[in-house]
Amino acid sequence: MEKTVALELRHLTKTFGSVTANKNVDLTVYRGEILAILGENGSGKTTLMNMISGLYYPDSGHILIGGEEVVIGSPKDAFRYKIGMVHQHFKLVDVFSAAENITLGMKDGKFNLKEAKKKISETASRYGFLLDPDKRVYQMSVSEKQTVEIVKVLYRGAEILILDEPTAVLTPQETEKLFDVLRRMRDDGKSIIIITHKLHEVLALTDRVAVLRKGEGVGTVNTAETNEAELTELMVGKKVSLNIERSEPKNCVDRLCVSHLTLTDREGRKILSDISFTARSGEILGIAGIAGSGQRELLETVAGLQKPDAGAISYLDPTTGETVNLLGKTPVQIRDLGVRLSFVPEDRLGMGLVGNMNIIDNMMLRSYRKGRSAFLNRKDPKNLAERIIESLEIVTPNAVTPVRRLSGGNVQKVLVGREIASSPTVLMVAYPVRGLDINSSYTIYNLLNRQKESGVSILFVGEDLDVLIGLCDRILVINSGRVTGIVDGRNAEKGEIGLLMTMTESRRNPAEEGREKQ
Amino acid sequence: MIINFIFSAVRLGMTLLFGSTGETITEKSGHLNLGIPGIMCVGAACGCVSEALYTGAVGQGNANRILAVLIPIVASFLGAAFLGVIYSFLTVTLRANQNVTGLALTTFGVGVANYLIKTVEIIKYSYASSFFTAGFPFAAKLGGFGKLFFSYGIMVYLAIAIALITSFVFNKTRVGLHLRAVGENPATADAAGINVTAYRYLATMIGSGIAGLGGLCYVMDNLNGNWEYVIDAMGWLSIALVIFTVWKPSLGILGSILFGALYIASNYISGTNKALLNMLPYVVTILVLITTSIRNKKEHHPPAGLGLNYYREER
């Protein structure tokens, strides 16, 4: 079949201040194909796509659509050239219904929601989506919101669809459904560009892969002629072993016992019900589940940030051998009991660090109580900050740069570095590699492994099942606030965990159940 | 007496309705404009000054009834809208903090208004008050019913009309949908191809202009053409009314009458502490805030982007 060019980029360059996000990027997209844009974090994938969708304006370079040079100065221009983007962070208005969100910004003809709803249902069913046009966005699950986003761009007649990490928030079953829909669109003659980190998805779905490294295009390959190892090499520039090291757990003793933990939120919804597990020293206990199954609340309850309704949390002190009850204690009380508990929350710049403060000040958030003087001790935190910057290779101009200005990976290193520096006996991490590139991710895995070897008990909440299976000694699977199983990380199967994540008591189709659940 | 009480409550209420409708339009675009008290003062002053200039040009006896009403209304709207432009320029173009800008505008507006009003003689504008307060001629024949529905001045009917139109625009038109989107989630609106800057500028200008009419209504209708230095108090009440009516201009019609009634209640109840009663509108606003927070229904929440400036390339 003759391939026609839908979109061509020539020498696109975009800088933000002194940072070059894209440099001389060339890219060709054909009609009726799925193209993956692959690259580490900060390699400029999203910036490149934002230039095509009109959010950013390139500093130099040309964009050609159907062979003719065009200027895309705003998202409106992009729509005119039939380009639609589904952003990683959904751009939806929460209090609007699906139909209102979809018609937002359109100016054709008379304003008629009823007509629009009919057209929306038609578009949705044509590609096999399920969508209620009257449902309000804030009542929707993540995958429903994504459906709204995709239908939105289709409704506008987009011929070129850009999806920014569409599978990051989906269950394996939802991902499969999405892929089916995308394949149907490709067969319909549309061009689909998908940004992703996940190599197996690239191989399963796409026709071609364009790889970006540090803002520059390093080549385009046909998916059929490549493999994970080659793509990784293109991406990072050097060969990275895909296997995460995992040492055998040594001297395991029970460290943290959680039993029958139950938590309801302010609206009376059950967040956690009857959760029991034991975390042991010198091992990594993974916690797997669909986003929003109660992982965050579980860690927060252990850390003393949430008050459970029932249950017990006890900590076995390694020095005295005593059992300490942590239930209902505040974080300060827990610390005063001599329990060295560290928590790396998923919301790094919200709960973990203060974005506008510099690295030293952020170190002090953990140590401001130390000392008796009325004045703060700035010397120790300064030394600590410098030590962490050096040992974790944090890329920052200096220790007094606001944390907000660092890249995602470096922010995470600052946070993890600070928590490890307080030499914890229990370390809880939630999505520590979310949004991080491969190299940064491995740095974090290695840090966790070193902590494990020194006898720390680690609770690791993760989303990538490959990582959980590769890193963790045991994996606790939770599903809507219940423990549905604990599996051994060494011989766990992805499918098995995926099923545990979506399974419920009623024997319905797990894929459908997962969709309704969240 | 009860009819007089309701009549006065509606009269004062409509002053507040101008302010709250204007502020609701502004807030729906994501702008928390705390400059409303100052804007209402400026609206009142511009109306009075333009009236005085008109009178000076044609002579008091020759004043045309329609022009004597229309000129101050237009001047009041434009003067107040200009403050809206200042607000938008500071917060949208220069990205200044909205709270600080609003409060500064209130101080500024009160001062400007007090200065402007001293440049003209009171007699040259207060005579027009009778044109403003004239109700329908047949109202007197209908007794209490006529008094309650047809004896108000033009500003009262204008306020209700504007509130109803605004409500219609919000809920039934594309412009309304876009405006709400800009206030809820400007990044989303931007990505959908809506010009966030234009919507914010225009909504703030129009909203400020409408609020300015409230100041004029207060002076010409409620005070019978007298100038009192309490117009800014009406502004604060209007902002409270926006919250009280959970950002719905149609509810604002009823809410403003209630606020008006609460505000003047002290004149009709003897032997109570006046200041204590004047507090009532704020107390009920706090009660509404408490109940809407407890019920936690998203539709009753303020626009999610309220008070936040939007800048597209922020990372």
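Since the model is a prediction, treat every value here as computed from it, not as a measurement.

Thresholds applied
Residues numbered from 1 in each chain as written. Chains lettered and ligands numbered in written order. Predicted model: local features only at pLDDT ≥ 70, side-chain atom pairs only at ≥ 80, totals over all residues. Heavy atoms only, no water. pLDDT = per-residue confidence, 0-100. Helix = DSSP H or I, 4+ residues; strand = E, 2+ residues; numbered from the N terminus. Axes fitted to C-alpha atoms, helices over the stretch in contact; angles between N-to-C directions. Parallel < 35°, antiparallel > 145°, perpendicular 65-115°, else oblique. Left-handed = near helix turned anticlockwise from the far one by under 90°. Contact = heavy atoms within 4.5 Å. Nonpolar A, V, L, I, M, F, W, Y, C, P; charged D, E, K, R; others polar. Buried area = accessible area lost by both parts, 1.4 Å probe. Salt bridge = Lys/Arg side-chain N within 4 Å of Asp/Glu carboxyl O. Polar contact = N/O pair within 3.5 Å; in protein donor to acceptor, adjacent residues only side chain to side chain. Phe/Tyr/Trp six-rings, centres within 6.5 Å; stacked < 30°, edge-to-face > 60°. Lys NZ or Arg CZ within 6 Å of the ring centre and 35° of its normal.

*Asks:* Which parts of the structure should I look at to understand the confidence of the model for chain B?
*Replies:* In regions of low pLDDT, the predicted coordinates are not meant to be interpreted in detail. Summary statistics for chain B give a mean pLDDT of 90 and a share of 98% for residues scoring 70 or more. Within chain B, helix α14 (residues 274-278) of chain B has the poorest average pLDDT of any element, 79, and helix α11 (residues 196-222) of chain B the best, 96.

*Asks:* Which parts of the structure should I look at to understand the packing of helix α1 (residues 2-28) of chain B against helix α12 (residues 231-244) of chain B?
*Replies:* To describe two helices that pack against each other, one gives the angle between their axes and the distance between the axes. All names here are of chain B. Contact geometry of α1 with α12 gives a least axis separation of 8 Å together with a crossing angle of 60°. By the angle class used here, α1 and α12 are oblique. As α1 packs across α12, the resulting crossing turns out to be right-handed. In this structure, α1 contributes L12, T15, L16, L17, G19, S20, E23, T24 and E27 to the contact, and α12 contributes M234, L237, S238, I239, L241 and V242. In terms of residue class, the contact of α1 with α12 is built from 8 nonpolar, 5 polar and 2 charged.

*Asks:* Where do I start with the interface of chain A and chain B in this structure?
*Replies:* Note on interface size: it is often stated as the accessible area lost on association of the parts. Taken residue by residue, the interface counts 33 residues in chain A and 23 residues in chain B. Around 2400 Å² of area is buried between chain A and chain B when both sides are counted, 58% of it from carbon and sulfur atoms. For the salt bridge of B:R180 with A:E100, the shortest nitrogen-to-oxygen distance reads 3.6 Å. Where chain A meets chain B, there are 3 residue pairs in polar contact (both at pLDDT 80 or more). For the side of chain A that touches chain B, the secondary structure elements donating two or more residues are β1 (5-16), α2 (75-80) and α3 (98-103) of chain A. Considering every element that reaches the side of chain A that touches chain B, the biggest residue donor is α2(A), with 3 residues.

*Asks:* What should I look at first to understand the packing of aromatic side chains in this one?
*Replies:* Each pair of aromatic rings is reported with the distance of its centres and the angle of its planes. Within this structure, the stated rule accounts for 12 aromatic pairs over all chains. Aromatic pair B:F5 and B:Y268: ring centres 4.9 Å apart, planes at 75°, arrangement edge-to-face. One end of the pair, B:F5, is in helix α1; the other, B:Y268, is in helix α13 (residues 249-268), with 263 residues separating them in the sequence. Relative to B:F149, the ring of B:F145 has its centre 5.1 Å away and its plane inclined at 45°; by these criteria the two rings are tilted. On the criterion of helical spacing, the pair formed by B:F145 and B:F149 is a turn pair, its members being 4 residues apart in helix α7 (residues 143-150). By way of ring pairs, the aromatic residues B:F7, B:F136, B:F138, B:F145, B:F149, B:F150, B:Y152 and B:Y157 are connected into one cluster. Of note, A:K119 hangs over the ring of A:Y155, and the distance from its end group to the ring centre comes to 4.5 Å.

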